[in-house]
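This is what each chain is made of:
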There are 2 protein chains.
Amino acid sequence: MKSAYRIGEVATRTGCSPESIRHYEKLGLLAPPQRGEQGYRRYNQAALERIGFIRHGRSLGLDLHSIQELLALSDNPDTDCTAADDIASRHLQHLEERITALQALADELRQVVHQCRGGKAANCRIIKTLYDHQPTCSKRGCGEMNA
Amino acid sequence: MKSAYRIGEVATRTGCSPESIRHYEKLGLLAPPQRGEQGYRRYNQAALERIGFIRHGRSLGLDLHSIQELLALSDNPDTDCTAADDIASRHLQHLEERITALQALADELRQVVHQCRGGKAANCRIIKTLYDHQPTCSKRGCGEMNA
DNA sequence: GCTTGACCCTGTAACGATTACAGGGTTTAG
DNA sequence: CTAAACCCTGTAATCGTTACAGGGTCAAGC
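1. Let's talk about the overall build of chain A
- A count of helical and extended segments in chain A gives six helices and two strands.
- Mapped from its N terminus to its C terminus, chain A presents α and β elements in the order α-α-β-β-α-α-α-α.
- The buried share among the 147 residues of chain A stands at 35%.
- Counting only contacts in chain A whose residues sit at least 6 apart along the sequence, the fraction spanning at least 24 positions is 50%.

In structure tokens, the structure reads:
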């Protein structure tokens, strides 16, 4: 069990770029690691697993703040972990809303795609449709909400 | 048919914030409008419709660059509009891929949600799962890709 | 020895779209 | 006369990641 990986090796093992690893450290998701003689960061197995945790969370679409909360729970094993369930549930609901919204967009797009093959822009149904003022939702911040 | 709206009135009519309108102007999606005596921007009906076009495009999830291309086609009515269809088709495909990916994430989350009610973090299935290294996709830039 | 390339370091800016300021001016209603 | 509600410009923040610039260290190969 090797215990002194440099950042590049951690990157290839975790699929997380060195830049991101340093970023997580700056944000406090990772404790500043020990340094080798030349000032290089040296990571141990626990750090590797922590980075794997973060990447898995990110791949699920969790934001770094939520991941930080989950890591805090993990760091305090005696804590009540209802909060973890809250985070996951909230994110799942968020995802479901987002999927519904995207499906509505896709449906709307399907209605206009392939309607203007070979024509002139003046008669293009896509462009005409965009000028029609019935956006799916016209409220202020209601575009394609972020992931 | 009024033809001299100030930016705030345009904002309420189009559901687009004044900041965004000025932003679109800076990016070249909107031509710099005429100015009133006090230097205030004055918009006419055509500008309102153009902003509606942009908002509708955004609500469909198109990026401003694509919208700019569509506006360029609209500004040149004699152009072949195959490009419009390309943009819409590409975006639709993008949406469909994204929906599929999000559904996979939601499925994965559903498997862990509600598995740790009332327990201690040390035994939390959500946290345990995140430490398991089978992210849906562990490749470099493969998190929840942007909209 | 000396260069080339692959690492590592720090700090800063870019991406995209929007929002939020700071710091100022003008108008309007009380 | 003053406070609120507008408008202006320019800059910085948001989020997570990537890409630089400008520098240091170390190995292999000439």
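That shown, we press on.
2. Some points on the environment of Gln68 of chain A
All names here are of chain A.
- Checked against the element boundaries, Gln68 lands in helix H4 (residues 64-75).
- For Gln68 and Gln115, which are 47 residues apart along the polypeptide, the C-alpha to C-alpha distance reads 47 Å.
- Here Gln68 is in contact with Gly28 and Leu29, once residues within four sequence places are set aside.

3. Some remarks on the protein's contact with DNA strand C
- The environment of DNA strand C is formed by 21 residues, the closest being Gly8 and Arg41 of chain A together with Glu19, Asp63 and Leu64 of chain B.
- Looking at the surface near DNA strand C residue by residue, the classes come out as four nonpolar, nine polar and eight charged.

4. Notes on the interface of chain A and chain B
- Taken residue by residue, the interface counts 64 residues in chain A and 65 residues in chain B.
- Split into classes, the residues belonging to the side of chain A that touches chain B amount to 28 nonpolar, 21 polar and 15 charged.

5. Side note on the relation of the copies chain A and chain B
- With an RMSD of 0.2 Å, chain A superimposes on chain B once it is rotated by 180° and translated 0.0 Å along the axis. Viewed as a symmetry operation, the transformation between the two copies matches a two-fold axis. Proximity to the rotation axis, assessed at the C-alpha, singles out Ile99 of chain A in chain A; its C-alpha lies 2.9 Å from the axis.
- Most of the interface of chain A is mirrored in chain B, where 100% of its interface residues again form contacts.

6. Thoughts on the packing of helix H1 (residues 7-14) of chain A against helix H3 (residues 45-59) of chain A
All names here are of chain A.
- It is the contact of H1 with H3, at a shortest axis distance of 10 Å, that shows an interaxial angle of 45°. Taken together, the axis directions place H1 and H3 in an arrangement best described as oblique. Considering only the axes of H1 and H3, their crossing is right-handed. Of the residues in H3, those in contact with Val10, Arg13 and Thr14 of H1 are Leu48, Ile51, Gly52 and Arg55.
- Taken together, the residues that form the contact of H1 with H3 break down as three nonpolar, two polar and two charged.

7. Overview of the domain arrangement of chain A
Residue and element names in this part refer to chain A.
- You can read the domains of chain A as domain 1 (7-75) and domain 2 (82-131).
- Placing a centre on the C-alpha atoms of domain 1 and another on those of domain 2 gives a separation of 34 Å.
- Contact with domain 1, which involves six residues of that partner, is made by five residues of domain 2.
- Of the residues contributing to the side of domain 1 that touches domain 2, the split by class is three nonpolar, two polar and one charged.

8. Focus on the environment of Asp63 of chain A
- Note that Asp63 of chain A resides in the loop between H3 and H4.
- Considered as a pair, Asp63 of chain A and His91 of chain A are 28 residues apart in the sequence and their alpha carbons are 9.4 Å apart.

Criteria and thresholds
- The residue count restarts for each chain, going from 1 along the sequence in the order it is written.
- Think of it this way: whatever chain is written first is A, whatever ligand is written first is 1, and the rest follow in order.
- For this predicted model, a pLDDT threshold of at least 70 governs which residues receive local features, and a threshold of 80 or more governs which side-chain atom pairs are given and counted, while totals over whole chains, interfaces and linings are taken from all residues.
- Helix and strand definitions here come from DSSP, where helices need a minimum of 4 consecutive H or I residues and strands a minimum of 2 consecutive E residues; each element is numbered from the N-terminal end.
- Remark: C-beta atoms are placed from the backbone, and a residue is labelled buried if 20 or more other C-beta atoms sit within 10 Å of its own, exposed if 12 or fewer do, or partly exposed between those counts.
- Note on contacts: each residue gets a C-beta atom placed from the backbone, and two residues are in contact if those atoms are within 7 Å.
- Here is the check we use: build the C-beta atom from the backbone, and if it is within 6 Å of the molecule or strand, call the residue near.
- For this classification, the nonpolar set comprises Ala, Val, Leu, Ile, Met, Phe, Trp, Tyr, Cys and Pro, the charged set comprises Asp, Glu, Lys and Arg, and every other residue, Gly included, is treated as polar.
- What sets the superposition is a least-squares fit of C-alpha atoms, and only residues with pLDDT of at least 70 in both copies go into it.
- For helices, the fitted line uses only the C-alpha atoms of the stretch in contact; every axis is such a line through C-alpha atoms, and the angle between N-to-C directions lies from 0 to 180 degrees.
- Any angle between 65 and 115 degrees counts as roughly perpendicular, while under 35 counts as roughly parallel, over 145 as roughly antiparallel, and the rest as oblique.
- In this scheme, a crossing is called left-handed if the near helix is turned counterclockwise away from the far one by less than a right angle; it is called right-handed if the turn is clockwise.
- Boundary definitions for the domains trace back to an automatic or database domain assignment.

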